[in-house]
Amino acid sequence: MQRRVLRISLVFLCFLPFWGGKFGLADDLKTAREIVRRAQVTAESFHMDVNLYPEWKRLLSEARGVLIFPQVVKGGFIVGGSGGSGVLIARDRSSGRWHGPAFYSIGGVSFGLLAGVKVAEVVVVVRTENGINRLLSTGVKLGADLSVAAGPVGGGIGAGNIVADLVVLSRSKGVYGGLSLEGSVVGVRGDLNRAYYGRAVDPVDILIFGRVRNPHASGLINAVRKLTGERI
């Protein structure tokens, strides 16, 4: 029963930021483009603050992928659930080229130390090959299927001591830290992938083989490259 409620909450919350209070069929292409635009803004704003947190530099420079949720909403109206929609960009290990974006949803987020927070921006650093491989599946529970840790901030644990598959960097109203993804469910948004690329396509085709591309995503890709320390 709990799993069913979580699935319903996840679907509802993924569309929430784009409905503007009006329920009905979403324009998937418009939604996908808006998520990409907002993910680019999030990547750019995090990049501006990387120098404030030197321990981030190593994490980001070694990233196998970057999962960006421009708006994660904490909602008390559905069994205290929370969630949002975002994108995953993956780096090819041999060429160093970035592929994506692929669209994802997240639900069941705990806001932990961010007491009273309702909305947060989230950048998840995918550190390992296992992290990328598990995210290619239709649904992953963080903390169970993949290890996840909160990112270092200020005098926190150094990047070299983190062994988790995923590291979470979060911000709300300009303040970093405190968001926990432990127990959250991450799922593929097949509807948005289909709309954005004009045909049915799965994360393997998008992120591993790079079989589809959309010029609209060039700004986002460049923002991720800058965020991970590449020179453009």
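Read on for an overview of the structure. Everything numeric in this text was worked out from a predicted model, so none of it was measured. (Residues numbered from 1 in each chain as written. Predicted model: local features only at pLDDT ≥ 70, side-chain atom pairs only at ≥ 80, totals over all residues. Heavy atoms only, no water.)

### Quick notes on the overall build of the protein
This is how it is decided: Helix and strand labels come from DSSP, where a helix needs a run of H or I of at least four residues and a strand needs a run of E of at least two; each type is numbered from the N terminus. Residue burial is assigned from relative accessible area. The probe radius is 1.4 Å, only protein chains are included, and a residue is buried under 20% of its type maximum, exposed over 50%, and partly exposed in between. Contact between two residues is taken to exist if any of their heavy atoms lie within 4.5 Å; hydrogens are not considered. A 1.4 Å probe and the Shrake-Rupley method give the accessible areas. Residues count as covered only by the protein chains that appear here.
A count of helical and extended segments in the protein gives seven helices and nine strands. Counting over 232 residues, the protein shows a buried share of 51%. Pairs at least 24 apart in sequence give 71% of the contacts found in the protein among residues at least 6 apart. When the accessible surface of the protein is totalled, it reaches about 10,900 Å², and 53% of it is carbon and sulfur.

### As for the side chain of Arg-64
What counts, and what does not: Definition of a polar contact: a pair of N or O atoms within 3.5 Å, with one able to donate and the other able to accept a hydrogen when the atoms are protein atoms, and with sequence-neighbouring residues admitted only if both atoms are side-chain atoms.
Tracing the chain through its elements places Arg-64 in the loop between α3 (54–61) and β1 (65–74). A polar contact is formed between the side chain of Arg-64 and the side chain of Glu-129, at a distance of 2.7 Å. For Arg-64, the residues in contact, after removing those within four places along its chain, are Ala-90, Arg-91, Asp-92, Arg-93, Trp-98, Val-126, Arg-127, Thr-128, Glu-129, Ile-132 and Ile-208.

### As for the pattern of salt bridges
Side-chain pairs of opposite charge can arise whenever the charged atoms involved come near each other. The following threshold applies: Only one rule defines a salt bridge in this text: a Lys or Arg side-chain nitrogen within 4 Å of an Asp or Glu carboxyl oxygen.
Applying the stated criterion across every chain yields a total of eleven salt bridges. By sharing partners, the salt bridges in this structure join Asp-49, Glu-121 and Arg-171 into a single network.

### Observations concerning helix α5 (residues 190–197)
To be explicit about the condition: Directions drawn from the helix axis to the C-beta atoms are what define this arc.
Considered for burial, the residues of α5 that qualify are Leu-192, Asn-193, Tyr-196 and Tyr-197. Seen along its axis, α5 keeps its buried residues to an arc of 110 degrees; they face one direction. Residues of α5 that are buried sit in contact with α2 (28–48), β3 (98–107), β9 (185–188) and α6 (203–208). Two residues or fewer past α5, Gly-198 is found with a positive phi of approximately 80 degrees.

### Thoughts on the packing of aromatic side chains
Heads up, the condition is: Note on aromatic contacts: the rings of Phe and Tyr and the six-membered ring of Trp form a pair at centre separations within 6.5 Å, being stacked when their planes are under 30 degrees apart, edge-to-face when over 60 apart, and tilted otherwise.
By the definition in use, this model includes seven aromatic pairs. Relative to Trp-56, the ring of Phe-46 lies with its centre 6.1 Å away and its plane at 20 degrees, an arrangement referred to as stacked. Note that Phe-46 is positioned in helix α2 and Trp-56 in helix α3, a separation of ten residues in sequence. Phe-46 gets classed as buried once you look at its relative accessible area, which sits at 1%.

### Details of unusual backbone geometry
A cis amide bond links Gly-100 to the next residue, Pro-101, at an omega of 10 degrees. You can see Pro-101 is positioned in strand β3.

### Topic: the pairing of β3
As a reminder, the rule being used: Only when DSSP finds a minimum of two bridges between them are two strands counted as paired.
With ten of ten residues buried, β3 is to be regarded as a mostly interior element. Strand direction decides the pairing type here: strand β2 (residues 82–91) and β3, joined by eight bridges, are antiparallel. When the sheet's bridge partners are listed, Ala-90 is paired in β3 with His-99. From the end of β2 to the start of β3, which pair antiparallel, there are six residues, and Gly-96 there has a positive phi angle of about 80 degrees.

### Some details on the nonpolar core
Put simply, the test is: In plain words, nonpolar cores are sets of buried Ala, Val, Leu, Ile, Met, Phe, Trp, Tyr and Cys residues tied together by side-chain atoms within 4.5 Å.
Ranked by internal contacts, the top residues of the largest apolar core, which has 62 residues, are Ile-68 and Leu-181. Beyond its immediate chain neighbours, meaning those up to four positions away, Ile-68 contacts Ala-39, Thr-42, Ala-43, Gly-86, Val-87, Val-122, Val-123, Leu-220 and Val-224.

### So, the pairing of β9
Pairing between β3 and β9: four bridges, direction antiparallel. Note that in β9 the partner of Gly-107 across the bridge is Val-185. With three bridges joining them, strand β5 (residues 139–141) and β9 adopt antiparallel strand pairing. The residue bridging Val-140 from the neighbouring strand is Val-186, located in β9.

### A short note on the packing of α2 against helix α7 (residues 218–227)
Our working rule: Throughout, an axis means a line fitted to C-alpha atoms (over the contacting stretch in the case of helices), and angles, computed between N-to-C directions, take values from 0 to 180 degrees. What sets the label is the angle itself: under 35 degrees gives roughly parallel, over 145 gives roughly antiparallel, 65 to 115 gives roughly perpendicular, and the rest give oblique. It is the rotation of the near helix from the far one that decides the hand of a crossing: anticlockwise by less than a right angle makes it left-handed, clockwise makes it right-handed. Residues are sorted three ways: Asp, Glu, Lys and Arg are charged, Ala, Val, Leu, Ile, Met, Phe, Trp, Tyr, Cys and Pro are nonpolar, and all the rest, Gly among them, are polar.
The contact between α2 and α7 brings their axes to 9 Å, and the two run at 20 degrees. Looking at the two axes, α2 sits roughly parallel to α7. Note that α2 runs across α7; the crossing there is left-handed. Of the residues in α7, those in contact with Val-36, Ala-39, Gln-40, Ala-43, Glu-44, Phe-46 and His-47 of α2 are Gly-219, Leu-220, Ala-223, Lys-226 and Leu-227. Considered class by class, the residues forming the contact of α2 with α7 number seven nonpolar, three polar and two charged.

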